[in-house]
Amino acid sequence: MATVVALHAHPDDEVILTGGTLARAAAAGHRVVVVTATDGHLDTAEDRYRLDELRCATDILGVHRVECLGYADSGYGPVFPADPPGRVRFARADVAVAAERVAEILRAEHADLLLSYEANGGYGHRDHVQVHRVGARAAALAATPRVLEATMPRETLRRVATAARLLRLPEPYEEQLLATAYAPRAIITHRIDVRRFARQKRAALAEHRSQIGAAQARALGVLLRLPPAVFGLLFGREWFVDPAARGAPVRTDIFG
């Protein structure tokens, strides 16, 4: 059996990008560890509800260990807020220091695989970009054998955005981002079938209830109202890029 460590930016990213893959790995007997860089709070760290939601969600997915590095959320958009009192926003964190903290976990877990993000952070969120930097450095420090970068096919996102406009539903990303968001299908190296774990992924996503009422999360509320079978049809695949094997045949198992 192998050990996979998934490094994510915020609580709820672990479900959205890799929830089915983590549940599938855990069900197969592999050890699964989730590390989040931030606690999801822009300001105070006193209210721990985001981390409580994270633990509930990862329990549903079968995750064995959850760690949070404790950085403050850096926010999304053109304004990069100042650090809150006594805290550092993750995008301003010293990459070497943060990477060593992640590397300590990789070493302790004897990790076979690190799941991280692409250099563009998927859709450009500064915390997601920083996850890529920190994850790559940590894997090198810990001599972790393999790294896969969680992504989505850019072409699929464009079709989803078009359908959302036609149905007058919230669009997942701003239209101007779709030209560069995530990865073109041609460079994706792993396509994972997670339809058997769609019910777990949907239930785990529902645990992040604090995000459902936010302005950017209207789409999330729509998704959670879908019957599990329909949810599975729409979200039955997860994708990764192996930065060391671009152009290789598409694989169907993260451990392959």
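Residues numbered from 1 in each chain as written. Predicted model: local features only at pLDDT ≥ 70, side-chain atom pairs only at ≥ 80, totals over all residues. Heavy atoms only, no water.

An unreviewed UniProt entry lists the protein chain under the name GlcNAc-PI de-N-acetylase, with Mycolicibacillus trivialis as the source organism.

Engineer: Sorry if this is basic, but what is going on with the packing of helix α2 (residues 49-61) against helix α7 (residues 198-206) here?
Structural biologist: Each packed pair of helices is defined by two parameters, the angle between the axes and the distance between the axes. Where α2 meets α7, the closest approach of the two axes is 8 Å, and the angle between their N-to-C directions is 170°. Between α2 and α7, the interaxial angle falls into the category roughly antiparallel. Note on element contacts: α7 touches α2 through Gln-200, Lys-201, Ala-203 and Ala-204, opposite Ala-57, Ile-60 and Leu-61. In the contact of α2 with α7, the residues fall into five nonpolar, one polar and one charged. (Axes fitted to C-alpha atoms, helices over the stretch in contact; angles between N-to-C directions. Helix = DSSP H or I, 4+ residues; strand = E, 2+ residues; numbered from the N terminus. Parallel < 35°, antiparallel > 145°, perpendicular 65-115°, else oblique. Contact = heavy atoms within 4.5 Å. Nonpolar A, V, L, I, M, F, W, Y, C, P; charged D, E, K, R; others polar.)

Engineer: What should I look at first to understand the sheet that holds strand β4 (residues 113-117) in this one?
Structural biologist: Strand-to-strand pairing in sheets goes through backbone hydrogen bonds, with the strands running parallel or antiparallel. Pairing is mixed in the open sheet, where seven strands are placed in the order β3-β2-β1-β4-β5-β7-β6. Each of the sheet's edge strands pairs with one partner strand only, and the pair in question is β3 (65-71) and β6 (190-193). Within this sheet the neighbouring strands show an average axis-to-axis angle of 25°, counted without direction. (Pairing = 2+ DSSP bridges.)

Engineer: I'm lost on the nonpolar core in this one. Help?
Structural biologist: Generally speaking, a soluble globular protein has its nonpolar side chains buried in company with each other. Counting residues in each nonpolar core, the largest one holds 63 residues, and the members touching the most others are Phe-90, Leu-106 and Leu-115. Excluding its chain neighbours within four sequence positions, the residues that come into contact with Phe-90 are Ala-37, Thr-38, Tyr-71, Ala-72, Ser-74, Ala-98, Asp-127, Gln-130, Val-131 and Val-134. (Core = buried A, V, L, I, M, F, W, Y, C linked by side-chain atoms within 4.5 Å. Buried < 20%, exposed > 50% of the residue type's maximum accessible area, 1.4 Å probe, protein only.)

Engineer: When you look at the side chain of His-10 in this model, what are you seeing that I'm missing?
Structural biologist: Looking at the element boundaries, His-10 is found in the loop between β1 (3-8) and α1 (13-27). Polar contacts involving the side chain of His-10 include one to the side chain of Asp-127, which spans 2.9 Å. Those residues in contact with His-10 that lie beyond four places of it in its chain are Thr-36, Thr-38, Arg-50, Asp-73, His-125, Asp-127 and His-128. (Polar contact = N/O pair within 3.5 Å; in protein donor to acceptor, adjacent residues only side chain to side chain.)

Engineer: Got a minute to help me understand helix α5 (residues 126-142) in this structure?
Structural biologist: Side chains of residues three or four places apart in an α-helix project in the same direction, reflecting 3.6 residues per turn. Taking 1.5 Å per residue, 17 residues should reach 24 Å; α5 reaches 24 Å between its end C-alpha atoms and fits that length. Within α5, 12 of the 17 residues are buried, which leaves it mostly tucked inside the rest of the structure. If you check which residues of α5 are buried, you get Arg-126, Asp-127, His-128, Val-129, Gln-130, Val-131, His-132, Val-134, Gly-135, Ala-138, Ala-139 and Ala-142. After α5 finishes, the residue Ala-143 shows a positive phi value of roughly 55°. (Expected span 1.5 Å × (residues − 1).)

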